[in-house]
Amino acid sequence: MNHISRAEDAGDGNTEIRKTTCYMCACRCGINVHMKGEKVHYIEGNRDHPINKGVLCAKGSAGIMQHYSPARLNKPLLRSGKRGEGKFKEIEWDEALGLATQWLGKVRSTDPRKLAFFTGRDQSQSMTGWWAQQYGTPNYAAHGGFCSVNMAAAGIYTMGGAFWEFGAPDWERTELFMIFGVAEDHDSNPIKMGLGRLKARGVKVIGVNPVRTGYNAIADEWLGITPGTDGLLILALVHELMRTGQIDVDYLIRYTNAPWLVIDDPDASDHGLFARDAQGVAMVADRKTGAIISSAEPGIKPAMKGQYTLPDGRKATPVFELLAKAYLDPEYAPAAVAEQTGIAADTITRIAGEIADAAFKREVVIERPWTDMKGERHERMIGRPVAFHAMRGISAHSNGFQTCRALHLLQILLGSVDCPGGFRFKPPYPRPVAGQPRPHGGACADAALAGPHLGYPRGPEDLLLEADGETAQRIDKAFSWDAPLSAHGLMHMVISNAHARDPYGIDVLFLYMANMAWNSSMNTTSVMDMLTDTDENGDYVIPKIIYSDAYSSEMVAFADLILPDTTYLERHDCISLLDRPISEPEAMCDSIRWPVVEPDRDVRGFQSVLLDLGARLKLPGMVNEAGEAIYKDYADYIVNHQRKPGVGPLSGWRGENGKKTGRGDPNPDQLNRYIENGGFSMVHVPEEAQFFKHANRAWSDWAIANGLQDGPVENIFQLYLEPLRKFQLAAEGKIKPSPPEHHRARIQRCFDPLPCWYPPFYEDGLEAEAYPLHAITQRPAAMYHSWGSQNAWLRQIHGENALYVPGDVCDREKLSDGDWALVTSPSGEIRVQVRRMDAVNGSTLWTWNAIGKRAGAWALGKDAPEASRGFLLNHLIDELLPPKGDGRRWANSDPITGQAAWFDLRVSIRRDPDQSGGRSQPSHGAQRSPVGSGPDQVAFGRETAE
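What you see is a predicted model; the values in this text were computed from it and never measured.

Right, let's get into the overall build of the protein chain. What the protein chain contains, in helices and strands, is 26 helices and 35 strands. In terms of overall size, the protein chain behaves like a compact globule, its C-alpha atoms giving a radius of gyration of 27 Å where 946 residues would be expected to give roughly 30 Å. Once the C-alpha set of the protein chain is aligned to its principal axes, its extents read approximately 80 × 75 × 60 Å. Here the protein chain holds 946 residues, and 65% of them are scored as buried. The long-range fraction of contacts in the protein chain, counting pairs at least 24 apart against all pairs at least 6 apart in sequence, stands at 71%.

Spelled out as structure tokens, the structure:
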């Protein structure tokens, strides 16, 4: 689909502006691309855009150098040497697509499980997931299991949403803001803008992070917490708030399962589950009479404590009673957690008081009537103005799911979820588990899956297991006993499981924007070995690898077939409400990218290539009855695809005349309308529906009308998570299916239905004296994963990385700035340069992530600082934990969701006796570059516009 660019006069008579969406990180800010002729002149922020309102960071401005990068791939490539060497020959697209169709077609006609299709930082997962579903492989997911699935899954299971794309702080009304484990690359422009507004109003900001950089550096108070103990700190705050009675009991009664009755019958198969009536509705006890009644009754006053007799004679206890017993336990007192967290007891007590003061003494009231889902009218909207934000820092631990749940528990106890001054949901959220799909497997030859791969299990009955009730259906073991609630899959386990042929081998590994041979894997060295390993016949253990990327990354060298992608300025993309939209709490928003520049190389947008392959493979939904392609390219798909009648990838300008929003027939002029509007659509949420979306009838009606949900969805916040209790019952042998014996103790320990804390698995059995230090990475504001390392402008900010070491550790190990040190873990050793730093937790080493590169990748010279002095901590991490007493090696992941636990790393450090070598180690040698090396000097200016 061709488009005439909608240009604006830039004021100098020589340039025009083409408005699109940035892709230099995952913020998805609006940008104005200034053009001279058909050359990009410079990039600035779009002031009309709902995300960034004109603000643009260094990454966004440097997008011009990303577009003109010498590392761009130029043509389809077929491997001509050994894997890892980087030897390729250029081929034509017809041959490339023919080979891919042949390889994929053979797998689909025999055993679709033998295709593992995984994507990295792709922002079109609703489309790639649909393609994989139509193909019929159960083995699809994106990068979330490697990134922050704990955050997303814990939020969905608890309250129907989470941080970042699911919701945002109420920057204009909050009176206290706490930020946990957030690096500078996530949602950076909105957070920076929000922090600026808080500073202008004098609102206190508390940063919780082992490292004081970025947001934590400008916080009014920094808590340099010990990695992996955030959950302990949060539950200590809960302890103090409950001890002093500083919680919103009315909020808990109205919007949570705090009053629901939990069955107390230790010998029964439903012990610990909710007592329900004949219609399956949870029951509560009347506060005055003790009568057992439905929780759905309007106007009830349920009991929150005590024990009650059910109609069948058994006993039951309200959730709140169990909650109070759990968190008033002395083990969560500030004095009990101070040493482990590294935060003084009096500090924890004081902050709990500050939270309570902001929530209850400075409440926000909006005189705006609204009606809840039970039909009760409220004359005003009352807010508890304490807001929290969190991300990967608390998520990437083996206790991360429960830590994230604990933070949501804290929010809910305060009554600060989707209220004025608190955390606010962004459309299409909230979307509780009741409105989410279950995962689907059951692959059959030449057939699509019955539903989407990824979903939210309600209990063991939803696991994807073979007939034996134990063996995983998926190659990554998602939705198995290894990781039952793995809502985003386990990308980091795909290659190691396929190499081990556990639970089976694969024939084709198909990757998109997933740099698995470098920083998108747990242990880089071992993954490269797995990708090149051969069997007893001399054949590669993973027979075929297809890879698509726009640039000559480390992963390119290990692929058999390369399908070169475009840059983000050369393609269509859809930032969709079906996937990862750009909404704000008061507006439903989505956006597009479109080709503001035509490719000057023989490359194609991956999504269009995928649709082409789908048509060649005759996948359902991609060809008509005559076997002809339904969609010409991705742009055609964006406009005409319907996930269900009237609902497609984009919400704006639907219907034949473009006058409908959310629901409506495809509009052939839809993309043009987006382009004319600056690349985005924005529709405001009605005032009555802007708060308490989880219980607001006006929100429900509006969401249904706009295609966000098909009907009313009950969203009761789940402080006590019944699906976790079901897994405990399975581990106790009381319900089927039951896990194998070796899983049972772990499930009983970790699947507590109330948020809990347990030490990271990596520390279990570890010699603490041998590995006394934690080691973590931070995301720099000016880089985003691997992409920035080819960018001439951004490399001047972060051309290499050092390991930052606390001052006391430097003194003990006699380390000075610039010294070379050896850092050792149970999995390996690296050689790095160190820098002294005191603004860091005293037992924590850290570095910038993804700066270190393999020589020859990204068109960098073999002696580029990223390759000679840069490094990764990945060489010290393993996909599997060290062997335990039972001889098994468990995944280095959260046992509930499978989230990669790469922040659990423990190490030791010592000064290298030999300070003469000026290079980091390990070194893997230079890979050949199919695009050569970039020039020694890159100058950008007048010549690009000529």
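Right, let's talk about the environment of Lys-618 for a bit. As for its placement among the helices and strands, Lys-618 is situated in the loop between α18 (606-616) and α19 (634-640). For Lys-618, a relative accessible area of 48% corresponds to the partly exposed category. Reaching out from Lys-618, the side chain makes a polar contact with the backbone oxygen of Gly-627 at a distance of 2.7 Å.

Our next topic: the confidence of the model for the protein chain. With 98% of its residues at a pLDDT of 70 or more, the protein chain has an overall mean of 94. Every residue in residues 1-9 is under pLDDT 50, and counting partners more than four places away or in other chains gives 27 contacts. Below a pLDDT of 50 lies the segment residues 942-946, which in the model reaches five contacts outside its immediate sequence neighbourhood of four places, other chains included.

This part is about the sheet that holds strand β5 (residues 77-79). Read from one edge to the other, the open sheet built from seven strands follows the order β6-β5-β26-β25-β24-β7-β8, with strand pairing classed as mixed. Of all the strands in the sheet, just β6 (88-90) and β8 (140-141) have a single pairing partner and so form its edges. In this structure, strand β24 (residues 508-512) lies alongside strand β25 (residues 544-549), joined through five bridges in parallel fashion. Bridge assignment links Phe-510 to a residue of β25, and that residue is Ile-546. Sitting on the sheet, helix α4 (residues 125-135) is in contact with β7 (115-119), β8 and β24, with an inclination near 175° to β7. Its contacts with the sheet place α18 against β7, β24, β25 and β26 (561-564), and it is angled at close to 145° to β24.

Let's shift gears to unusual backbone geometry. Apart from glycine, the bulk of residues carry a negative phi angle, and the bulk of peptide bonds sit in the trans form. Across the junction of Pro-427 and Pro-428, the peptide omega takes the value 10°, indicating a cis bond. Looking at the element boundaries, Pro-428 is found in the loop between β23 (423-425) and α16 (494-500). Here the amide bond leading from Tyr-429 into Pro-430 is cis, since omega sits at 15°, within 30 degrees of zero. Following the sequence through the fold, Pro-430 ends up in the loop between β23 and α16. Although it is not a glycine, Lys-53 adopts a positive phi angle of roughly 50°.

Turning our eyes to something else, we now look at the packing of helix α9 (residues 230-243) against helix α15 (residues 400-414). With their axes 8 Å apart at the nearest point, α9 and α15 run at an angle of 25° to one another. The angle between the axes of α9 and α15 places the two elements in the roughly parallel class. For the pair α9 and α15, the crossing hand works out as left-handed. Contacts between α9 and α15 involve Asp-230, Gly-231, Ile-234, Leu-235, Leu-237, Val-238 and Leu-241 from the first element and Thr-403, Ala-406, Leu-407, Leu-409, Leu-410, Leu-413 and Leu-414 from the second. For the contact of α9 with α15, a count of residues per class yields eleven nonpolar, two polar and one charged.

What follows is about the pairing of strand β3 (residues 30-36). A large share of β3 lies buried, amounting to six of its seven residues. By the bridge criterion, six bridges tie strand β2 (residues 16-21) to β3 in an arrangement that is antiparallel. The partner of Ile-17 across the bridge, within β3, is His-34. Here β3 pairs with strand β4 (residues 39-45) via six bridges, running antiparallel. Its bridge partner being in β4, Val-33 is matched across the sheet by Ile-43.

Turning next to the sheet that holds strand β16 (residues 308-309). Pairing is antiparallel across the open sheet formed by three strands, whose spatial order is β13-β17-β16. Two strands bound the open sheet, and with one partner strand each, they are β13 (261-264) and β16. Two elements, β13 and strand β17 (residues 315-318), share four bridges in a ladder whose sense is antiparallel. Residue pairing for β17: Val-262 is matched across the bridge by Thr-317. Against the sheet, helix α11 (residues 319-327) makes contact with β13 and β17, and its axis sits at roughly 65° relative to β17, the strand it touches most.

Moving on: the environment of Pro-882. Along the chain, Pro-882 turns up in the loop between α26 (865-868) and β35 (906-911). Sequence separation of Pro-882 and Val-541 is 341 residues, and the distance between their C-alpha atoms is 24 Å. Residues in contact with Pro-882, not counting those within four places in the same chain, are Tyr-762, Pro-826 and Arg-889.

Take helix α12 (residues 334-341) next. Turn by turn, an α-helix covers 3.6 residues, leaving residues three or four places apart pointing in a common direction. Those residues of α12 lying buried are Pro-334, Val-337, Ala-338 and Thr-341. Projected onto a plane normal to the axis of α12, the buried residues spread over an arc of 130° and lie on a single side. Summarising the geometry of α12, the exposed residues directed more than 90 degrees from the buried face are Ala-335 and Glu-339. Packed against the buried residues of α12 are α9 and α13 (345-361). Phi for Gly-342, located one or two positions after α12, is positive at around 80°.

Here the focus is the side chain of Ser-520. Relative to the assigned elements, Ser-520 resides in the loop between β24 and α17 (524-532). The exposure class assigned to Ser-520 is buried, which follows from its relative accessible area of 13%. For Ser-520, the residues in contact, after removing those within four places along its chain, are Phe-146, Met-491 and Asn-515.

Turning our eyes to something else, we now look at the nonpolar core. In this structure, Trp-131 and Ile-909 are the most contacted members of the largest nonpolar core, which totals 275 residues. If near-sequence neighbours (up to four positions away) are discounted, Ile-909 is found in contact with Leu-773, Leu-803, Val-805, Val-809, Glu-813, Leu-815, Ala-821, Leu-822, Val-823, Val-834 and Leu-845. Leu-261, Ile-263, Ala-275 and Ala-285 belong to the second-largest nonpolar core, a separate cluster that totals ten residues.

As a further point, take the environment of Ala-291. Turning to its location among the elements, Ala-291 is positioned in the loop between β14 (283-285) and β15 (292-294). The spacing of Ala-291 and Thr-309 is 18 residues in sequence and 8.7 Å in space, taken between C-alpha atoms. Residues contacting Ala-291, with those up to four places away along its chain left out, are Val-284, Ala-285 and Asp-286.

The subject of this paragraph is the packing of aromatic side chains. One pass over the structure, following the stated rule, counts 36 aromatic pairs. Summarising the aromatic geometry, the rings of Tyr-631 and Tyr-637 are spaced 5.4 Å apart at their centres and angled 75° between planes, so their arrangement reads as edge-to-face. Among the aromatic residues, those joined into a ring-pair cluster are Phe-117, Trp-131, Tyr-135, Tyr-140, Phe-510, Tyr-512 and Phe-606. The lysine or arginine in question, Arg-83, covers the ring of Tyr-540, its NZ or CZ lying 4.1 Å from the ring centre.

This part covers the packing of helix α22 (residues 722-731) against helix α23 (residues 741-750). Two numbers describe how α22 lies on α23: the axes approach to 9 Å, and their chain directions differ by 145°. Relative to α23, α22 is oriented so that their crossing is left-handed. Taken together, the residues of α23 that come into contact with α22 (itself represented by Phe-727, Gln-728 and Ala-731) are Arg-744, Ile-747 and Gln-748. Taken together, the residues that form the contact of α22 with α23 break down as three nonpolar, two polar and one charged.

Here we come to the state of the cysteines. For the coordinates displayed, the defined rule picks out zero disulfides. For Cys-404, which is in no disulfide, the shortest distance to another cysteine sulfur is to Cys-147 and amounts to 11 Å. Owing to a relative accessible area of 1%, Cys-404 belongs among the buried residues under this scheme. Not engaged in a disulfide, the cysteine Cys-589 finds its nearest cysteine sulfur in Cys-29; these two sulfurs lie 13 Å apart.

Tracing the sequence through the fold places Arg-779 in the loop between β30 (773-778) and α24 (792-795). For Arg-779, a relative accessible area of 5% corresponds to the buried category. Not counting chain neighbours up to four residues away, the residues in contact with Arg-779 comprise Ala-183, Glu-184, Asp-185, Arg-392, His-785, Trp-848, Asn-849, Ala-850 and Trp-902.

About the cut-offs
Residues numbered from 1 in each chain as written. Predicted model: local features only at pLDDT ≥ 70, side-chain atom pairs only at ≥ 80, totals over all residues. Heavy atoms only, no water. Helix = DSSP H or I, 4+ residues; strand = E, 2+ residues; numbered from the N terminus. Rg over C-alpha atoms; globule rule 2.2 N^0.38 Å. Buried < 20%, exposed > 50% of the residue type's maximum accessible area, 1.4 Å probe, protein only. Contact = heavy atoms within 4.5 Å. Polar contact = N/O pair within 3.5 Å; in protein donor to acceptor, adjacent residues only side chain to side chain. pLDDT = per-residue confidence, 0-100. Pairing = 2+ DSSP bridges. Axes fitted to C-alpha atoms, helices over the stretch in contact; angles between N-to-C directions. Parallel < 35°, antiparallel > 145°, perpendicular 65-115°, else oblique. Left-handed = near helix turned anticlockwise from the far one by under 90°. Nonpolar A, V, L, I, M, F, W, Y, C, P; charged D, E, K, R; others polar. Arc of directions from axis to C-beta. Core = buried A, V, L, I, M, F, W, Y, C linked by side-chain atoms within 4.5 Å. Phe/Tyr/Trp six-rings, centres within 6.5 Å; stacked < 30°, edge-to-face > 60°. Lys NZ or Arg CZ within 6 Å of the ring centre and 35° of its normal. Disulfide = S-S within 2.5 Å.

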